[in-house]
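# Structural characterization, general
Okay, here's what each chain looks like letter by letter:
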Amino acid sequence: MSSLLGRLAVGLLLVAGQLTTAYDLDPDSPDSVKSVSKDMAADLVSFYNGNQPGNTPGLLPDPYFWWEAGAMMGTLIDYWYYTGDDTYNDLTSQALLFQVGETNDYMPRNQTRTEGNDDQGFWGLSVMSAAEYKFPDPPADQPQWLALAQAVFNTQAARWDTEHCAGGLRWQIFTWNNGYDYKNSISQACFFALGARLALYTGNQSYADWADKTWDWMIATKLINTKNWAVYDGAGIETNCTVLTPYQFSYNVGGMILGAAAMYNMTESQTWKTRLDNLLEGSKVFFTGPNNNIMSEVACESVNTCNVDEQSFKAYLTRWLTMMIKWAPHTYDVIHPYLRASSVAAAKQCKGGANKRMCGLIWYDGKYDNTTGVGQQMAALEITMSNLILNSSSPVTADTGGTSVGDPGGGGDDIGRNQPKGPDYKPITGADKFGAAVLTLLAIATVVVAMGFIFLDETSPQGPVAQFKGFWSSASAAITTLAAGGGFAAAAAAGRRRSNKEKGIRINEKSILNNGESESSSKNPFSEPVMVTPDSTRHSVVSQRRLSNMPIGWPHNPSVRNSVVVAESSAAASSEDQRQR
Ligand SMILES: *[C@@H]1O[C@H](CO)[C@@H](O)[C@H](O)[C@H]1NC(C)=O
Ligand SMILES: *[C@@H]1O[C@H](CO)[C@@H](O)[C@H](O)[C@H]1NC(C)=O
Ligand SMILES: *[C@@H]1O[C@H](CO)[C@@H](O)[C@H](O)[C@H]1NC(C)=O
């Protein structure tokens with residue numbers, strides 16, 4: 001009897017827990033939006049301790065990478081811009097200025113060994129926002145926001161690589177990093193958006209020319225698919241970028257939208273309007289729920305495999321869709337209902353942590369998903385603040401009130417550098433290379449094992465045994481492709497085969513594997529179309545690239561710790577998930 005009562009009490013408590021609504025957001029009331037934003041911002045900043053004595057400004061604690069701190073400072077700039085609350089301005093300026101590095105271009109010595117163009121790009125985009133929003137300028141003896149953004153841009157323009165794939169930025173900056181052979185969309189998107197915004201801000205046509213060139217390259221490689229306006233993850237140089245890694249992540253299309261909106265504002269051309277409108281249409285793949293209007297990182301949320309980086313991507317899609325409205329006001333009517341519905345859903349699930357208001361990752365479920373983190377908190381804050389866009393001032397340019405001082409030649413000292421600075425730099429030794437080879441073999445094994453579970457499709461008319469046999473022949477085809485130089489991208493693409501129930505754009509796999517051009521169906525283990533959005537394989541692919549990102553035996557770098565663990569646990573999680581299906 002007493003135990004029954006006890007269980008009843010626990011049950012009631014659980015129900016009460018689910019009924020507690022920490023936030024009652026009214027998206028149409030600026031006061032309500034500001035009040036919710038204030039709490040969400042405080043909870044975001046609670047993850048950061050770089051401003052405390054003895055800590056390093058601009059670094060988040062483990063497991064967050066360096067770039068995410070740069071992205072988070074962008075969110076805090078947004079927080080000040082939308083709400084007028086300057087509580088975090090000093091913390092933000094301190095972090096942004098501490099990480100500039102010796103050459104004032106976000107190549108700080110502690111990070112350059114593992115730094116990618118996208119990592120540097122996120123810091124560059126944050127200081128660009130500071131210039132556009134008139135975030136308080138640093139003291140005159142410190143680097144200035146616009147000059148920092150220009151320096152990031154200049155170092156990246158100098159890395160444009162025409163030797164492979166007729167252009168594009170490599171993912172990694174330095175030669176030995178795994179990923180130096182990969183051209184990823186987010187690196188291009190950051191560079192494109194930064195160029196477009198610098199063109200708009202300064203009126204200098206050179207930046208616009210680079211934005212044009214980057215756009216054309218994304219189209220030529222088909223990383224932007226002009227049929228469904230999907231933006232795929234990237235492509236390896238070993239195939240001259242003819243084999244695309246077909247996963248869609250929200251920040252890729254978000255970054256392209258941001259740049260296209262700035263180009264449209266500057267040129268007022270029909271060409272850029274059409275491009276922007278098309279991308280905006282393509283971005284709808286990231287909205288789900290009963291009315292398809294709640295933002296979701298569809299590639300990993302549905303399978304519970306979003307890694308620490310990916311947990312933050314919705315923050316950037318939100319930030320950039322909202323900025324788009326200022327530069328292309330006609331898009332407001334299209335996107336506002338989506339942002340509004342997403343903000344209500346996001347606020348509703350923030351019931352976690354000791355304070356019962358920490359935000360989880362998944363918004364469309366109507367309940368808290370028991371995760372917390374910088375990414376979750378940033379995304380929820382950004383979507384909440386997006387409701388204030390019509391109440392906010394327009395971004396400025398040099399001609400319309402901008403005060404940030406530029407330096408068109410910034411970053412020059414870093415141009416052409418392909419080794420990190422610093423006395424402790426050592427080339428990778430033979431023993432390290434052996435270790436890297438072992439890791440690569442482990443990585444291949446992980447992909448193959450993960451594929452085994454991915455291939456088990458509960459909607460298949462075949463039983464598991466028949467499917468398993470099919471898997472082996474497909475797997476050997478994929479491994480052949482891999483050995484023939486197709487790399488992980490091909491293995492991952494071959495590993496894609498999901499039930500048709502899931503949301504996403506279906507495209508013919510042949511076009512994924514062969515860039516829409518070649519006939520080589522012999523490489524293609526399937527004739528049926530594949531889903532390109534929801535996936536867990538990307539973790540095996542991209543985390544593996546991250547995994548050997550840091551040369552083995554190098555001094556411990558807190559911001560790249562854990563990458564091995566992340567790779568293993570995502571592979572395990574995806575296997576687990578597939579088993580449960
Ligand atoms: C680099 O790392 C050292 C040692 O941890 C630290 O003292 C210094 O502040 C760091 N610099 C930056 C820019 O992060
Ligand atoms: C790589 O692709 C580019 C663009 O399609 C082409 O111009 C170039 O000739 C290709 N290079 C090789 C080695 O196939
Ligand atoms: C325009 O930008 C280019 C590229 O960064 C730079 O070389 C040039 O000096 C700039 N021109 C002016 C007038 O600022």
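Structure report, in brief. (Residues numbered from 1 in each chain as written. Chains lettered and ligands numbered in written order. Predicted model: local features only at pLDDT ≥ 70, side-chain atom pairs only at ≥ 80, totals over all residues. Heavy atoms only, no water.)

### Side note on the packing of aromatic side chains
- Considering all chains together, one arrives at 27 aromatic pairs under this definition.
- With 4.8 Å between their ring centres and 65° between their planes, Tyr 81 and Tyr 82 make a pair best called edge-to-face. Both residues of the pair, Tyr 81 and Tyr 82, belong to the buried class.
- The structure contains a cluster of three or more aromatic residues connected by ring pairs, namely Trp 67, Phe 122, Phe 249, Tyr 251, Phe 313, Tyr 316 and Trp 320.
- Positioned above the aromatic ring of Tyr 180 is the side chain of Arg 170, whose terminal nitrogen or guanidinium carbon lies 3.9 Å from the ring centre.
- Over the ring of Trp 363 we find Lys 314; its NZ or CZ atom is 4.0 Å from the centre of that ring. (Phe/Tyr/Trp six-rings, centres within 6.5 Å; stacked < 30°, edge-to-face > 60°. Buried < 20%, exposed > 50% of the residue type's maximum accessible area, 1.4 Å probe, protein only. Lys NZ or Arg CZ within 6 Å of the ring centre and 35° of its normal.)

### Description of the state of the cysteines
- Overall, the coordinates contain three disulfides when judged by the stated rule.
- Note that Cys 350 is cross-linked by a disulfide to Cys 359, the S-S spacing being 2.1 Å. The chirality of the disulfide connecting Cys 350 with Cys 359 is right-handed, given an S-S dihedral of about 100°.
- Judged by its relative accessible area of 0%, Cys 359 falls in the buried class.
- Cysteines bonded in the protein chain are numbered consecutively along the chain; their disulfide partners then correspond to 1-2, 3-4, 5-6. (Disulfide = S-S within 2.5 Å.)

### As for the packing of helix α9 (residues 205-220) against helix α11 (residues 270-282)
- The interhelical angle for the contact between α9 and α11, taken along N-to-C directions, is 50°, at an axis separation of 14 Å. Taken as axis vectors, α9 and α11 run oblique relative to one another. At the point where α9 passes α11, the crossing takes the left-handed sense. Contacts from Asp 212, Trp 215 and Asp 216 of α9 reach α11 at Trp 272, Arg 275 and Leu 279.
- The residue inventory of the contact of α9 with α11, partitioned by class, reads three nonpolar, no polar and three charged. (Axes fitted to C-alpha atoms, helices over the stretch in contact; angles between N-to-C directions. Helix = DSSP H or I, 4+ residues; strand = E, 2+ residues; numbered from the N terminus. Parallel < 35°, antiparallel > 145°, perpendicular 65-115°, else oblique. Left-handed = near helix turned anticlockwise from the far one by under 90°. Contact = heavy atoms within 4.5 Å. Nonpolar A, V, L, I, M, F, W, Y, C, P; charged D, E, K, R; others polar.)

### Considering the site of ligand 1
- Residues in close proximity to ligand 1 include Thr 56, Phe 98, Gln 99 and Asn 110, which together make up its full environment.
- At 3.2 Å from an oxygen atom of ligand 1 is found a side-chain nitrogen or oxygen belonging to Gln 99.
- Separating an oxygen atom of ligand 1 from a side-chain N or O atom of Asn 110 is a distance of 2.2 Å.
- Protein chains bury 49% of the 360 Å² of accessible surface belonging to ligand 1 in isolation.
- Grouping the amino acids of the shell around ligand 1 by side-chain chemistry returns one nonpolar, three polar and no charged. (Near = heavy atom within 4 Å. Polar contact = N/O pair within 3.5 Å; in protein donor to acceptor, adjacent residues only side chain to side chain. Areas by Shrake-Rupley, 256 points an atom, 1.4 Å probe, with all protein chains shown as cover.)

### A short note on the sheet that holds strand β3 (residues 244-248)
- Taken in spatial order, the three strands line up as β1-β2-β3 in an open sheet, and their pairing is antiparallel. Since the sheet does not close on itself, it has two edges, and those belong to β1 (182-184) and β3, each with one partner. Put simply, the sheet's adjacent strands are angled 20° from each other on average, direction ignored.
- Alignment of strand β2 (residues 232-236) against β3, held across three bridges, turns out to be antiparallel. By the bridge assignment, Tyr 232 is partnered in β3 with Gln 248. (Pairing = 2+ DSSP bridges.)

### A closer look at the environment of His 164
- With respect to the secondary-structure elements, His 164 resides in the loop between α7 (145-157) and β1.
- When its relative accessible area of 21% is taken as the criterion, His 164 is described as partly exposed.
- When the C-alpha atoms of His 164 and Asp 181 are compared, they prove to be 9.4 Å apart, with 17 residues separating the residues in sequence.
- Residue contacts for His 164: discarding those within four places in its chain leaves Arg 170, Lys 183, Ile 237 and Asn 240.
- Within polar-contact distance, the side chain of His 164 engages the side chain of Asp 161 at 3.3 Å.

### Brief notes about the pairing of β2
- In terms of burial, β2 is largely enclosed, as five of its five residues are buried.
- Pairing geometry for β1 and β2, over three bridges, is antiparallel. Pairing of Lys 183 across the sheet is with Ala 235, part of β2.

### Remarks on the nonpolar core
- One finds Leu 279, Tyr 316 and Leu 321 to be the most contacted residues of the largest nonpolar core, which totals 137 residues.
- Each residue touching Tyr 316, except ones within four places of it in the same chain, is listed here: Trp 67, Glu 68, Ala 71, Phe 122, Tyr 251 and Met 378. (Core = buried A, V, L, I, M, F, W, Y, C linked by side-chain atoms within 4.5 Å.)

### Some words on the pattern of salt bridges
- One pass over the structure, following the stated rule, counts 13 salt bridges.
- Residues Arg 197 and Glu 132 are paired through a salt bridge, measuring 2.7 Å at the closest nitrogen-oxygen approach. Of the two residues, Arg 197 sits in helix α8 (residues 185-202) while Glu 132 sits in helix α6 (residues 117-132), which places them 65 residues apart along the sequence. Residues Arg 197 and Glu 132 agree in their burial class; the two are buried.
- We note a salt bridge from Asp 365 to Lys 367, for which the minimum N-O separation is 3.5 Å.
- In this structure Lys 367 comes out as partly exposed when scored by relative accessible area, which is 41%.
- Salt bridges here are not isolated pairs; linked through shared partners, they connect Asp 39, Asp 43 and Arg 357. (Salt bridge = Lys/Arg side-chain N within 4 Å of Asp/Glu carboxyl O.)

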